[in-house]
Amino acid sequence: MKTTSTYEQYEALLPIEADGTIRIWFAMRELRFSAKGDPNAFVVPFEGEESVSKAKILTFLDNYKTVVVLSQDPLASFEAFASQMVWVEAAGGVVESERAEVVICIGIGGSYLGAKAVLEAMSNSFESLKKKHDNPTVVFAGENISEDYTYELMDAVKDYSIAAIVISKSGTTTEPAIAFRIIKAEIEARYGKAEAAERIVAVTDAARGALKTLSTNEGYPTFVIPDDVGGRFSVLTPVGLLPLAVAGIDIKALVAGAQNMEKATAADVPVEENLAAQYAIVRNEFYKAGKKIEILGSYEPKLLYVAEWWKQLYGESEGKDGLGIFPASVTLTADLHSMGQYIQEGERTLFETIISVKNSKYEVKVESDEANLDGLNFLTGKRLSEINKMAELG
């Protein structure tokens, strides 16, 4: 993409907020200025100065590379940051922009599983096979210390433009800290330290920790992990929303759905109408009856990582003081041919919870076969979702 390097070109892209100000973020700094009045008297915090002229802002827009629009709506901020992970290179009065093709998300536990679960559930299962991608490909690192995984990841991205989102409250957790060292070194080797500071984004503590210190020293853009939100609950903070926005997930719809569920399961909602309360009561009754293992199952393979995330949520929350239900999971119908035997006829110490998907996104029907050697012509004309639902209902 090539455009003329003029301030007006940038100004046209900047939203004017309700208070009449424009707020932008570039070169790891936030700038605020009036949308009206003297264009040479913008009041903005920038390197200790009280004002920056329009001409100077244009100079920075030309010479610095990250240009990200922020707004007072945090979700819009994440979307804007994600949609404009653009490195602007000025040459001969022309702006050329390059967007990262692969964004490596570094984290473990809650800093990884929530985003991974949503991304897997909401994405095309075979997105990687497409020749054209509308958004950067988000891949994950730092959730293990596998030498082969790390080597293969770095080898796989060597021909792609890359950036990284590193997520850690402290910056000292072993697995993501090791991964970040390796990925940071690769980005710096490719692009130099200055541009690396624009290709690495940190999601970390607001004021303390090794990653916060490094981000301040290196000039990384940062988003804050709220102090009152535990890691396993953090998917609806920058921990999850930023990588999801980068991947093109509609985070506003995601949060709206969460808000609707929060209202539907609030403490003042009667038990008869409150799914969360009903679930808690049933689990507790099973536990008191000696059922110490809960298996979460789904007949939709896209939800495999939702189950992995659920295991962290419940395992970390309840596995204390020698108590708690052990969380396990199966993906069906595949596991009907493996774990199904134990579930049906093994020791009676477990109970199942099934996540049921009401509607499929696409439609695929079984076609008739003249030979009918598999004996399945009785399913002719039925949608796969109908057959899947029959399996779910037993």
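The coordinates are above.
Below is a short write-up of the structure.

Definitions and cut-offs
Residues numbered from 1 in each chain as written. Predicted model: local features only at pLDDT ≥ 70, side-chain atom pairs only at ≥ 80, totals over all residues. Heavy atoms only, no water. Helix = DSSP H or I, 4+ residues; strand = E, 2+ residues; numbered from the N terminus. Buried < 20%, exposed > 50% of the residue type's maximum accessible area, 1.4 Å probe, protein only. Contact = heavy atoms within 4.5 Å. Areas by Shrake-Rupley, 256 points an atom, 1.4 Å probe, with all protein chains shown as cover. Pairing = 2+ DSSP bridges. Axes fitted to C-alpha atoms, helices over the stretch in contact; angles between N-to-C directions. Salt bridge = Lys/Arg side-chain N within 4 Å of Asp/Glu carboxyl O. Arc of directions from axis to C-beta. Parallel < 35°, antiparallel > 145°, perpendicular 65-115°, else oblique. Nonpolar A, V, L, I, M, F, W, Y, C, P; charged D, E, K, R; others polar.

**Digging into the overall build of the chain**
Scanning the chain from terminus to terminus reveals 13 helices and 16 strands. Out of the 394 residues in the chain, the part that is buried amounts to 37%. Partitioning the contacts of the chain with sequence separation of at least 6, the portion at a separation of at least 24 is 64%. Total accessible area on the chain stands at roughly 21700 Å², and carbon and sulfur atoms take up 55% of it.

**Notes on the sheet that holds strand β14 (residues 293–298)**
Either a parallel or an antiparallel arrangement is found when strands of a sheet pair, and the pairing is made through backbone hydrogen bonds. Taken in spatial order, the three strands make up an open sheet running β15-β14-β16, and their pairing is parallel. Of all strands in the sheet, those bounded by a partner on one side alone are β15 (326–331) and β16 (350–355). Between one strand and the next, the sheet's axes are offset by a mean angle of 25°, whatever the strand orientation. When β14 meets β15, the two strands line up parallel, connected through six bridges. Within β15, the position partnered with I293 by the bridge is F326.

**Quick notes on the sheet that holds strand β11 (residues 162–167)**
Strand order across the open sheet formed by five strands is β10-β9-β11-β12-β13, with parallel pairing between neighbours. If you trace the sheet from one side to the other, it starts and ends with β10 (137–141) and β13 (222–224), each paired once. Ignoring which end each strand starts from, the neighbouring axes of this sheet average 20° apart. Across the sheet, helix α6 (residues 174–199) is in contact with β9 (102–106), β10, β11 and β12 (200–204); its angle to β11 comes to roughly 130°.

**Digging into the side chain of S168**
Mapping S168 onto the fold places it in the loop between β11 and α6. When its relative accessible area of 7% is taken as the criterion, S168 is described as buried. If we skip the residues at most four places from it in the chain, S168 touches T173, V203, T204, D205, L211 and I225.

**Describing the pattern of salt bridges**
Across all of its chains, the model carries 20 salt bridges by this definition. R190 is paired through a salt bridge with E186; the nearest N and O atoms lie 2.8 Å apart. Here R190 pairs with E186, and both are found in helix α6, just four residues apart, close to one helical turn. In this structure R190 comes out as partly exposed when scored by relative accessible area, which is 26%.

**Some thoughts on helix α7 (residues 210–218)**
For α7, every residue scored as buried is listed here: L211, K212 and S215. In a view along the axis of α7, the buried residues occupy a sector of 100°, so they form one face of it. Looking at the buried side of α7, the elements it contacts are β11, α6, β12 and β13. Following α7 by one or two positions, G219 adopts a phi angle in the positive range, close to 85°.

**Quick word on the packing of helix α8 (residues 238–246) against helix α9 (residues 251–264)**
The N-to-C vectors of α8 and α9 enclose an angle of 140°; their axes lie 10 Å apart at closest approach. Comparing the axis directions of α8 and α9 gives the class oblique. Contacts from L241, L244 and A245 of α8 reach α9 at I251, L254 and V255. The residue makeup of the contact of α8 with α9, split by class, is six nonpolar, no polar and no charged.

**A closer look at unusual backbone geometry**
Omega for the bond connecting L332 with T333 falls within 30 degrees of zero, at 15°, which places this linkage in the cis form. With respect to the secondary-structure elements, T333 resides in the loop between β15 and α12 (339–345). We note that D321 has phi near 55°; this positive angle belongs to a residue other than glycine. Within the fold, D321 resides in the loop between α11 (304–318) and β15. We note that N372 has phi near 50°; this positive angle belongs to a residue other than glycine. Position of N372 relative to the elements: it lies in the loop between β16 and α13 (384–393). A relative accessible area of 26% places N372 in the partly exposed class.

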